[in-house]
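The primary structure of each chain is shown beneath.
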Amino acid sequence: MTPADDVDAGGEQPNPRFRLDDPRYRFVRRRLIAAAGALLVAIWIVSLVSSGTTHPRARPAAKQTGAISGAAQAPGSVSAAEQAREADAIQSSLAYTAYVTAGSASKREIALTFDDGPGPYTPAIIKILKRHAVPATFFVVGRSIKDFGTLVPTELAAGFVVGDHTQDHAPMASLSRADQVAQLLDLAAGAQRYGAPFPHLFRPPYGSFNQTTLSITKKLKMLTILWTIDTHDFSQPGVKTIVANVLTGARPGAIVLMHDAGGVRTQTIAALPTIIKALRKRGYTLVTVPRLLADDPPLTAAQIPPKGLSGG
């Protein structure tokens, strides 16, 4: 409706004295309210992004420790300069690719990642990773944080990276734009309440995403992280199968998908030490996803989504 259309049945023109409470100016109020709402959403997004450091780990820097055989560094020992380099690598990758499935294979590095947590099995996985001095990346879910949120500071203190796996483990491609934004920002806000920085890494549940998802994550400066190797540990195929899936698919620059919650994870816990030892025996260095991006920047042509994804 335009001002010319906003006349009463008798054809009377609007009163020259403009008043927002005049019922004839409903269109003005609606537009002002809509504009104010859009501005508030924009301010919210900016505040969420800027309130967390751009570094993937928000914690005091520590001196580098002596290298443990096969490890890039002990968890919790990444310097401030290295954190900055890794944060820059995320944004540099985002400048030319919307998602990453692997590094360029120029370095013999592999990133272990864990989805769906935190949960009751997360402490055991953290303990193994710390015992073997293995950096790792955890993609957390908002509904899991509700019950196990105190584990987020534990992950951060250990030097692990925390990424976004949505609020409700939602298949993003089936959601509206507004709902996708809510899934990402609700999780981000929940993680920040436990001391995490704004997450600049995102893993879509079920591998489900579309162009809307990628346009949102680009605006939020979030890089979508897929995977090279699916251990299928979510289906509990047996410890030997989980180990074999990793070792069969292992290659420089690989990103390994595992789970620390979302079901019984005793097989993952049992398989993890063997996976770590076997990969190191093959000469691989285990790193976080940001470290992989910094050391082994992904090639655009190499970013082929794994089979069975719901992306598009």
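Predicted, not measured: the structure shown is a model, and the values here were computed from it.

A. Region of interest: the packing of helix α3 (residues 122-131) against helix α9 (residues 266-281). Contact geometry of α3 with α9 gives a least axis separation of 10 Å together with a crossing angle of 15 degrees. Taken together, α3 and α9 sit at an angle that is classed as roughly parallel. As for how α3 packs across α9, the hand of that crossing is right-handed. Taking contact as the criterion, the partners of Ala124, Ile125, Ile128 and Leu129 in α3 are, on α9, Thr268, Ile269, Leu272, Pro273 and Ile276.

B. Examining helix α6 (residues 177-192) more closely. Along its 16 residues, α6 runs 23 Å from first to last C-alpha, staying within 8% of the 22 Å computed at 1.5 Å per residue. Restricting attention to buried positions, one finds in α6 the residues Gln180, Val181, Gln183, Leu184, Leu185, Leu187, Ala188, Ala189, Gly190, Ala191 and Gln192.

C. Summary view of the environment of Met258. Relative to the helices and strands, Met258 is located in strand β8 (residues 255-259). Exposure remark for Met258: the relative accessible area of 0% places this residue in the buried category. Sequence separation between Met258 and Asp116 is 142 residues, and the spatial gap between their C-alpha atoms is 9.3 Å.

D. Region of the structure containing unusual backbone geometry. A cis amide bond, omega -5 degrees, links Gly117 with the succeeding residue Pro118. Even without glycine at this site, Tyr206 takes up a positive phi of about 60 degrees. Relative to the assigned elements, Tyr206 resides in the loop between β5 (201-202) and α7 (211-219). Even without being glycine, His232 reaches a positive phi, approximately 60 degrees. Residue classification places His232 among the partly exposed positions, given a relative accessible area of 36%.

E. The arrangement of helix α8 (residues 239-249) in detail. Listed as buried for α8 are Ile242, Val243, Val246 and Leu247. Each buried residue of α8 lies within a common arc of 125 degrees when the element is viewed along its axis, so the set occupies one face. Exposed residues lying more than 90 degrees from the buried face of α8 are Lys240 and Thr248. Buried-residue contacts for α8 involve β7 (229-230), β8 and α9.

F. How the structure looks around the side chain of Thr268. Within the secondary structure, Thr268 sits in helix α9. Thr268 sits in the buried class, given a relative accessible area of 1%. When neighbours within four sequence positions are excluded, Thr268 is seen to be in contact with Phe114, Ile125, Asp233, Ile242, Met258 and His259.

G. Seen up close, the environment of Thr288. Within the fold, Thr288 resides in the loop between β9 (285-287) and α10 (289-295). When its relative accessible area of 0% is taken as the criterion, Thr288 is described as buried. Distance from Thr288 to Ile110, taken between C-alpha atoms, is 8.2 Å for residues 178 residues apart in sequence. From its side chain, Thr288 meets the backbone nitrogen of Arg291 in a polar contact 3.2 Å long.

Rules and cut-offs
- Residues numbered from 1 in each chain as written.
- Predicted model: local features only at pLDDT ≥ 70, side-chain atom pairs only at ≥ 80, totals over all residues.
- Heavy atoms only, no water.
- Axes fitted to C-alpha atoms, helices over the stretch in contact; angles between N-to-C directions.
- Helix = DSSP H or I, 4+ residues; strand = E, 2+ residues; numbered from the N terminus.
- Parallel < 35°, antiparallel > 145°, perpendicular 65-115°, else oblique.
- Left-handed = near helix turned anticlockwise from the far one by under 90°.
- Contact = heavy atoms within 4.5 Å.
- Expected span 1.5 Å × (residues − 1).
- Buried < 20%, exposed > 50% of the residue type's maximum accessible area, 1.4 Å probe, protein only.
- Arc of directions from axis to C-beta.
- Polar contact = N/O pair within 3.5 Å; in protein donor to acceptor, adjacent residues only side chain to side chain.

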